[in-house]
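Okay, here's what each chain looks like letter by letter:
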Amino acid sequence: MAEAADSQGMTPSPARRWFRRTAALLVGAPLFAGLLSATAAPTADAAEDAVSGQSVQVSLDSVAPTAPVKSDTLTISGTVTNKGKQAITGAHVALRVGQKLSGRAAIDGAAAHSASTSSGDGAELSDGPTVQFAKLATGISQDFTLSVPVAKLGLDEGGVYQLGVSLSGQTANQRYDQVLGIQHTFLPWQPEAVEGKKSQLTFLWPLISSSHLTAQTGSDAQQTPVFADDSLARDIGPGGRLEQMVSLGKQLPVTWVIDPDLLATVDAMTRNYKIKVGDTLVTGTGQDAAKAWLSALEAAVQGEKVVALPFADPDLASLAHHGRDVPGSLGHLQSATEVAQKTIDTILHVTPSADYSWPVEGAVDPSIVDVATSAGAHNVIARSDSLRDGALSYTPTAARPIGGGANAIVADARLSTAFQADMSMAGGSTLAVQEFLAQSLAITLEEPEKQRSIVVAPQRMPTASQAQTMAAALHALDPQRWTQPLVDLSAAAAAKPDPLATTRTPSANAYPDSLRQQELPLDAFQDMKSTQGTLDRFKVILSAPDRVVTPFGNAINREMSTSWRGNSGGAQNYRSGVQLYLDGLADQVHLIQKSTATMSGRSATLAVTVQNKLVQGVDHLVLRLQPKSPTRLLLGEDGAAIGEQPVKVDGDRSQSVKFTAIANANGPVPVIARLYTEDGTPYGEPMEFTVQVSEITPTVMLVIAGGVLLLVLAGIRMYTHRKRSMARDESGGDDDPGQPNGSAEADPGQPSDPTPDTGPESGASPGPGEKVDH
């Protein structure tokens, strides 16, 4: 009835609905549980599969010999580490010889999957060595060593073979033998010298460092240098990066590529030098290390090929993409190139070649080539991942013309980047050496009848471990079975170019964005221009300009250094520090501020003081005084409105410069004083003061005083005359009575006193018509 009701579309009762839902749940519960089980099982299997082949890390710490011959015994040492979550039982390490790789591209592919199993791994050597581990707990590492006569490897004709070391074993979930970890490497197999022409290999050995010297120097006669820190002392000390580069390089067939700034900096350390720590200076302690390093380097490069980079290794790409828009920037490259050869010759006593430029990572475009060759370098060290030869089935000779009289020395990208990874662990170093050897053999085997010149340009500043790895790789080529060293870069540059090799410089759009983002910005070159302008204005007044021009010129070159890539903040701080220090020195020559000068009279002398706090004297300056109201005050001796006087001040002295001033009116007159160089360029900041012209002057006071004195003397004279006249009048009655008024007749031989010309002082009454002023 329930079914009939449902079929007729009738609404079931609540009891029926509850019954049906409960039944559905009871029936569906097992099915749902089964679905969950089915879903969970593949997930667990997938997780276990992910562990399989990945749970054990195999590290190959050494392969010896790196390029064996038939009579050798190959020994491989390393470490296995259980990185999984399950213990491994019944484990063993075995050797696998894979297939012969068909060329450089095949080597690249194998290197990209060096820790993954593949169909080309080959089987374990049937009678090869193994190392057993009963149990390998999670997180535990075990060392191993496998040794096998090369004759048992089953190697055929010469070439590059893939070599694998695998760990096989069981886990709790999968109790059957399986490969749980593998590491591939390469075995270059060339027991005899190649039947043809060996590749000529030129390896660049760079001695380059970041900037350590500041622009600041001491005020003593030796100009004690000031360093930003003492890290260079560690680099050139025992075991340091640069110490390793020299000690390893002297035993290798390499071309030395040297930044002269590094030599100049280390040479400065051989004497007293200071380290800047906050606002204080402390004495550096690297003199002995500096002397030892320079001595070892000088001995190493004697008779060897040395290439000089422009001073401080300027960033050519930044100059090309940004610096050319700022006038004067290319001039710094020219000066850096000119000083390079002289610096190396002076310190190392060898004559380097300065005919090479080296853009960052060998990446070029037309503007970079133009800048690189603008200072006289005809050879640009590029790289094959920039100048690509995609149409060729072989690696061409490095040298090739690229137009405009310039040559590109195209370093092989694979060989040049082989040592850029972390080489501090033995596993990374071993793989790098084996891959380098494999690639070099593959190059030769591409066209054994065509001899080619191959150049390797590694990273600019290798670490100590990277340098050791490079040295190991080069020593492995000592038997010269497929390469021969060509240590002279000039010979590589002069090699006959391959006619099929590309000579077209890539466009600006092809320049890598990753490198462009690291370039010095336009603002950096504007800062350099500003600093150079300050230096140009400053040097013309100095009695010993070289004490300033040399350190600041070098500092500006360091501001363009390639070593600032990836450190934009450090580059900005360095530029700011140079500018601030130069401004501080220039401000040591200044006018001493005065507020008011009182001018008591129409004509007077005004004095303005110039102070020189430098240790050297200054000259070729002009002090100019200019009133804001030239009609009220003249300052030139010839009545000119503007006064000018030459200035010359000894070191640590002040000089008072005097001007003749002529006032045409009373009251305050603002005057602007400013220093200028002899060519009329303003120097320093102007100084304004007020000249106060007074109405009562010393001259007027003298005139008034003189007038008063004359009046006083005249009064005294008249008073004396009056007293004598009165005395004669009183004694007149005793004289001859015939005279009227009792007065005596004047002696014609004695002139009488003059008659007073004023009424009050005359004893007679005025006559008719005479006017008397009261």
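Residues numbered from 1 in each chain as written. Predicted model: local features only at pLDDT ≥ 70, side-chain atom pairs only at ≥ 80, totals over all residues. Heavy atoms only, no water.

## Things to note about the overall build of the protein chain
A count of helical and extended segments in the protein chain gives 19 helices and 29 strands. Here the protein chain holds 774 residues, and the buried ones make up 44% of them. Contacts spanning at least 24 positions in sequence make up 77% of the contacts within the protein chain whose residues lie at least 6 apart. Total accessible area computed for the protein chain in this model is approximately 38,100 Å², and 53% of it derives from carbon and sulfur atoms. (Helix = DSSP H or I, 4+ residues; strand = E, 2+ residues; numbered from the N terminus. Buried < 20%, exposed > 50% of the residue type's maximum accessible area, 1.4 Å probe, protein only. Contact = heavy atoms within 4.5 Å. Areas by Shrake-Rupley, 256 points an atom, 1.4 Å probe, with all protein chains shown as cover.)

## Description of the sheet that holds strand S15 (residues 356-357)
With mixed pairing, the 4 strands of this open sheet are ordered in space as S15-S16-S18-S17. The sheet is open, and its two edges are formed by S15 and strand S17 (399-403), each paired on a single side. Here 4 bridges tie S17 to strand S18 (residues 406-411), and the two strands are oriented antiparallel to one another. Residue pairing for S18: Pro401 is matched across the bridge by Asn407. (Pairing = 2+ DSSP bridges.)

## A closer look at the sheet that holds strand S12 (residues 274-277)
Strand pairs in the sheet, formed through backbone hydrogen bonds, run parallel or antiparallel to each other. Taken in spatial order, the 4 strands line up as S9-S10-S12-S13 in an open sheet, and their pairing is mixed. Each having just a single partner strand, strand S9 (213-217) and strand S13 (280-283) make up the two edges of the open sheet. Adjacent strand axes in the sheet meet at a mean angle of 40° when their direction is disregarded. One ladder, built from 4 bridges, connects S12 with S13; its direction is antiparallel. Bridge assignment links Lys276 to a residue of S13, and that residue is Leu281. (Axes fitted to C-alpha atoms, helices over the stretch in contact; angles between N-to-C directions.)

## Things to note about unusual backbone geometry
A cis amide bond links Ala64 with the next residue in sequence, Pro65, at an omega value of -10°. Relative to the assigned elements, Pro65 resides in the loop between strand S1 (56-64) and strand S2 (73-82). Despite not being glycine, Asp313 shows a phi value in the positive range, around 50°. Mapped onto the fold, Asp313 is located in the loop between strand S14 (306-308) and helix H8 (316-321).

## A look at the packing of aromatic side chains
Here the structure, examined in full by the defined rule, presents 6 aromatic pairs. Seen from their ring centres, Phe552 and Tyr581 are 5.8 Å apart, and the 20° between their planes marks the pair as stacked. Pair noted here: Phe552 is in helix H17 (residues 546-559) and Tyr581 is in helix H18 (residues 568-586), with a separation of 29 residues, a long-range link. Judged by its relative accessible area of 1%, Phe552 is buried. Ring plane angle 45° and centroid distance 5.5 Å describe the contact between Trp564 and Tyr574, whose orientation is recorded as tilted. Of this pair, Trp564 sits in the loop between H17 and H18 while Tyr574 sits in helix H18, and the two are 10 residues apart along the sequence. Each of the two residues, Trp564 as well as Tyr574, counts as buried. Among the aromatic residues, those joined into a ring-pair cluster are Phe203, Trp205, Phe419 and Phe436. In this arrangement the basic side chain of Arg460 is found over the ring face of Trp358, its NZ or CZ atom lying 4.4 Å from the centre. (Phe/Tyr/Trp six-rings, centres within 6.5 Å; stacked < 30°, edge-to-face > 60°. Lys NZ or Arg CZ within 6 Å of the ring centre and 35° of its normal.)

## Quick word on the packing of helix H6 (residues 260-269) against helix H7 (residues 287-301)
For any two helices packed against each other, the geometry is given by the interaxial angle and the distance between the axes. In contact at an axis separation of 8 Å, H6 and H7 are set at 135° when each is read in the N-to-C sense. Accordingly, the angle class assigned to the pair H6 and H7 is oblique. For H6 against H7, the interelement crossing comes out left-handed. Here Leu262, Leu263, Val266, Asp267 and Met269 of H6 lie close against H7, whose contacting residues are Gln287, Ala290, Trp293, Leu294 and Leu297. The residue inventory of the contact of H6 with H7, partitioned by class, reads 8 nonpolar, 1 polar and 1 charged. (Parallel < 35°, antiparallel > 145°, perpendicular 65-115°, else oblique. Left-handed = near helix turned anticlockwise from the far one by under 90°. Nonpolar A, V, L, I, M, F, W, Y, C, P; charged D, E, K, R; others polar.)

## Structural notes on the pattern of salt bridges
Under the criterion given, the structure shown has 17 salt bridges. Notably, a salt bridge pairs Asp412 with Arg104, separated by 2.8 Å at the nearest N-O pair. Taken together, the residues Asp412 in the loop between S18 and helix H11 (413-416) and Arg104 in helix H3 (residues 104-112) connect sequence positions 308 residues apart. Side by side, Asp412 and Arg104 carry an identical accessibility label, which is buried. (Salt bridge = Lys/Arg side-chain N within 4 Å of Asp/Glu carboxyl O.)

## Focus: the packing of H6 against helix H9 (residues 329-348)
The contact between H6 and H9 brings their axes to 9 Å, and the two run at 45°. The orientation of H6 with respect to H9, classified from their angle, is oblique. For the element pair H6 and H9, the recorded crossing hand is left-handed. Residues Pro260, Leu263, Ala264 and Asp267 of H6 pack against Ala340, Thr343, Ile344, Ile347 and Leu348 of H9. The class makeup of the residues in the contact of H6 with H9 is 7 nonpolar, 1 polar and 1 charged.

## Comments concerning the environment of Gly405
Residue placement: Gly405 occurs in the loop between S17 and S18. Here Gly405 falls in the exposed class, since its relative accessible area comes to 58%. Linking Gly405 and Thr373, residues 32 residues apart in sequence, is a C-alpha distance of 9.2 Å.

## Quick notes on the side chain of Gln434
Mapped onto the secondary structure, Gln434 falls in helix H12 (residues 426-446). Note on Gln434: relative accessible area 0%, which makes it buried. Residues contacting Gln434, with those up to four places away along its chain left out, are Val63, Thr66, Thr185, Phe186 and Pro188.

## Observations concerning H12
The α-helix advances 3.6 residues per turn, and as a result positions three or four apart in sequence lie on the same side. Between its terminal C-alpha atoms H12 stretches 30 Å, which fits the 30 Å expected from 21 residues at 1.5 Å a residue. Within H12, 15 of the 21 residues are buried, which leaves it mostly tucked inside the rest of the structure. (Expected span 1.5 Å × (residues − 1).)

## Topic: the confidence of the model for the protein chain
When pLDDT is averaged along the protein chain, the result is 86, and 83% of the positions lie at 70 or above. Scored below 50 in pLDDT, residues 733-774 makes 15 contacts in the model with residues more than four places away or belonging to other chains. (pLDDT = per-residue confidence, 0-100.)

## Quick look at helix H13 (residues 464-476)
In this model, H13 (13 residues) spans 19 Å end to end at C-alpha, consistent with the 18 Å of a helix rising 1.5 Å per residue. For H13, the full list of buried residues reads Ser465, Gln466, Ala467, Thr469, Met470, Ala471, Ala473, Leu474 and Ala476. For H13, the elements touching its buried residues are strand S8 (199-207), helix H5 (241-249) and H12.

## Quick notes on the environment of Pro499
Residue position: Pro499 is located in the loop between helix H14 (489-493) and helix H15 (513-516). Considered as a pair, Pro499 and Pro396 are 103 residues apart in the sequence and their alpha carbons are 9.2 Å apart.

## Some remarks on the environment of Gly240
Tracing the backbone shows Gly240 in the loop between helix H4 (231-236) and H5. Spatially, the C-alpha atom of Gly240 lies 6.6 Å from that of Ala464, the residues being 224 residues apart in sequence. Discounting chain neighbours no more than four positions away, the residues touching Gly240 are Arg234 and Asp235.

## Notes on the pairing of strand S11 (residues 255-258)
Neither face of S11 is open: one carries Thr255 and Val257, the other Trp256 and Ile258, and all of them are buried. Relative to S14, S11 runs parallel, the two being bridged by 3 bridges. Opposite Ile258, over in S14, you have Ala308 as the bridge partner.

## Considering the nonpolar core
Core analysis: the biggest nonpolar cluster contains 73 residues, and Phe538, Leu623, Leu625, Leu633, Leu675 and Phe689 have the highest contact counts within it. When residues in this core are grouped by element, the largest group, 6 residues, is from H18. Other than its neighbours up to four places away in sequence, Leu675 contacts Val589, Leu591, Val610, Leu621, Val622, Leu623, Val647, Thr681, Pro682 and Tyr683. With 66 residues, the next largest nonpolar core counts Val194, Ile258, Ala268 and Leu297 among its residues. (Core = buried A, V, L, I, M, F, W, Y, C linked by side-chain atoms within 4.5 Å.)

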